[in-house]
Amino acid sequence: MCIHQLNLLAASNNLPITNFLGKQHPIEAHHLSSICDIMEKAMVNGDTCIIRCILVVFQVVFKFFFSPQTERNRDIVRRSGLLLWQLLMAPRDQICSEIQKEVCLAISSGLNILYPGEAEINNLLKLVLTEGERNSGLSQLRDVILTNLAEQLQNNRFGSEDDDHYRLNDELLHYILKIVVRESCVLITKCQTVSKDDFQRLLSTVPAASSCLRYLMAVQNHLLSNTILIKPDENDDSDSSLQGETLKVQELKTSILSLATQILTGCDEVLEMLQQVTTALINSDISDREQRLKGLEQITKATMLGHLLPVLLTSLMHPNLQTLMMADALMPQLVQLVLYTSQTALLLKTQSPVFSELNSSPSGASEQKGKLLPDERMLEEKEEPGFLTGLKIPAPWAAGKTVETVHPVRDNYKFKETVHIPGARCLYLRFDNRCSSQYDYDKLVIYAGPNTNSRKVAEYGGNTLGYGSRSVLGTGWPKDLVKVEGDTVTFSFEMRSGREHNTPDKAMWGFACTVRAQESSEDVSGGLPFLVDLALGLSVLACSMLRILYNGPEITKDEETCQELLRSKLLQRCQWQVEANGVISPALTPSPSPLPLTIDEDREFTYPSDVLVPPVGHYFDLPRIRLPPGIMIKLREISGRARPQFRPSIK
């Protein structure tokens, strides 16, 4: 236990013990060999207490006191690794779960020592990812390693020296994603297959993320946060620095695109399974069908649909990721996901009225209503305008702002607060029915503006409880809404009297008021169902990507420089051709169907049928543009130069 505590304290970089342990000399090879001898003897004797202690010692030694530089040290490391694997792969009846956990922690602590090369670590991870489902020891080792990598990755910046070590290659990420997809599908399927009691226990355990899912979340957050938060070095404006930042951004975007493609593909498979389970539950005769359908949304949040997809959709809306490359690659998958989420949300929504009719309808009718054939479901879906129909979109801005004093108010208490709701034409104030003050001059004054110099709207004070003044200002504290013109209101309250000994708290309660921009308060509690919210998020992202695809590539600097030339009607009427080397040049042979001319409105120019022959001489390589006669006449008039006259030669 003491060594365990030392190991945990040493894991923190902020504690002095970490620096102390880091400065210690590495352990010698014969000491580690002695530790291995003790471990072998304990394994032969079956002494679990000694085995656990040596395993904890291995964790500390691997982390702080050992460096396999010599051949002898490497031999001792191989011996230690064989002992650890012998314990890890032992049958369950020969090793307890506590020892197996300590073995996994020891291997994870000495991962870089036991497996010094990148290829060896990748082979180990590939083994635990592919065989983990068939062996409990490998499965536990996989969870420990991925959990540690996820924690390290969250504290690491993209492009650092340790980035490649904590961020696994694409092949291993693919294996991890397959495990996450399988876990998500199994979790959703349990909503249909497990018993009623097991389903209630399942609801109490979610949304706990597995180690594979946690690692994928760490990789996604690592890439997205560095892409969104990356900032160039303001002190270094050299070309090499700018080029380095550009390369880093491009590398980040490429990594995000690869990861996003895999995640969306996995979500597509999970949504397909969700739709199948939802349909099966609707058509089933399970007694707790209503509870299972309601719990299905909570279970779905525990899958990759709840842990990965919402963060990815939100981040892809950032301007740094709104690129043509992203839109072109992700658009097909986004459309498919929009269809799946919309259909499943609509399916759940169209079945929700069924359960409210079960109690009022006969049993036979309810069974017939609850069990729908595919054609009948399609008919109901057609009758339903959409999955948003009848749902109240949350309006947090309509909740209003509550302004209140302390309760009860004390002697010499002063209160002032201004509420501003931008865009509001008028504000509506609703007072609490417990509002009261000791005397009517202990009053609240309301101003229609940002300060007490604004127009006074009303003032309230006093109480009708038989204490203090035993009266109120005017008609008393308002029971109905108070309307204030404008978008700003100021409250000013002052307690001028001293509290009398017989005045209870309820006669000095103060005031509380809710300020809204609407006369009727909207229901702002709760929110949208998860699948509806997911479908809306996917739809918004898909529309944004469609806009990017429609706009096409961004205008280049060359195009901006040549805007005047590109708008020239003269050049727009030239017939252009693309040569073999990709260069665009005016065509020597006009198109058989030229654009109509608008400069010479009297007649429409048609190109001659003969082929234009370039002149001889040193201008042979330059293409010539044959202009219509109407344009040539206009050019001569503007320039003031007449057409050259050719005189016949005199012999």
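See the structure above.
Values in this document were obtained by computation on a predicted structure and should not be read as measured data. (Residues numbered from 1 in each chain as written. Predicted model: local features only at pLDDT ≥ 70, side-chain atom pairs only at ≥ 80, totals over all residues. Heavy atoms only, no water.)

1. Considerations on the overall build of the protein chain
Looking only at helices and strands, the protein chain has 25 helices and 10 strands in total. Considering only contacts within the protein chain whose residues lie at least 6 apart along the sequence, 75% involve residues at least 24 apart. Carbon and sulfur atoms provide 53% of the accessible area of the protein chain, an area that totals close to 37,800 Å². (Helix = DSSP H or I, 4+ residues; strand = E, 2+ residues; numbered from the N terminus. Contact = heavy atoms within 4.5 Å. Areas by Shrake-Rupley, 256 points an atom, 1.4 Å probe, with all protein chains shown as cover.)

2. Some remarks on the environment of K63
By secondary structure assignment, the location of K63 is in helix α4 (residues 48-65). For the pair K63 and S109, spaced 46 residues apart in sequence, the C-alpha to C-alpha distance is 5.8 Å.

3. Details of the sheet that holds strand β2 (residues 414-420)
Read from one edge to the other, the open sheet built from 4 strands follows the order β2-β7-β4-β5, with strand pairing classed as antiparallel. Each edge of the sheet is formed by a strand with only one pairing partner; in this case those strands are β2 and β5 (455-461). Each strand of the sheet is rotated relative to its neighbour by a mean of 15°, with strand direction disregarded. Pairing between β2 and strand β7 (residues 488-494): 7 bridges, direction antiparallel. Opposite K416, over in β7, you have S492 as the bridge partner. (Pairing = 2+ DSSP bridges. Axes fitted to C-alpha atoms, helices over the stretch in contact; angles between N-to-C directions.)

4. Focus on the side chain of S437
Within the fold, S437 resides in the loop between β3 (426-431) and β4 (443-448). A distance of 2.7 Å separates a polar atom in the side chain of S437 from the backbone oxygen of D442. A polar contact is formed between the side chain of S437 and the backbone nitrogen of G462, at a distance of 2.6 Å. Setting aside anything within four residues of it in sequence, one finds S437 in contact with D442, G461, G462, N463, W477, F493 and A507. (Polar contact = N/O pair within 3.5 Å; in protein donor to acceptor, adjacent residues only side chain to side chain.)

5. Here's the deal with the packing of aromatic side chains
Counted by the stated rule, this structure contains 8 aromatic pairs. Joined through ring pairs, the aromatic side chains of Y413, F415, F491, F493 and F511 make up one cluster. Looking at R292, its charged tip hangs above the ring of F199, at a distance of 5.2 Å from the centre. (Phe/Tyr/Trp six-rings, centres within 6.5 Å; stacked < 30°, edge-to-face > 60°. Lys NZ or Arg CZ within 6 Å of the ring centre and 35° of its normal.)

6. Description of helix α12 (residues 196-205)
Residues that lie three or four places apart on an α-helix share one face, since the helix turns once every 3.6 residues. Three or more residues of α12 are buried, namely F199, L202 and L203. What you see down the axis of α12 is that its buried residues fit within an arc of 100°, all on one side. Exposed side of α12, more than 90 degrees from the buried face: D197 and S204 are the residues found there. Buried residues along α12 sit in contact with α11 (170-193) and α15 (289-301). (Buried < 20%, exposed > 50% of the residue type's maximum accessible area, 1.4 Å probe, protein only. Arc of directions from axis to C-beta.)

7. A closer look at the sheet that holds strand β8 (residues 512-516)
Spatially, 4 strands are ordered β1-β8-β3-β6 in an open sheet, and the strand pairing comes out antiparallel. Strands with a single pairing partner mark the edges of an open sheet, and in this sheet they are β1 (401-404) and β6 (482-485). For this sheet, the mean inter-axis angle between neighbouring strands, taken without regard to orientation, is 25°. Where β1 and β8 come together, 4 bridges link them in antiparallel fashion. Paired with T402 across the strands is T514, a residue of β8.

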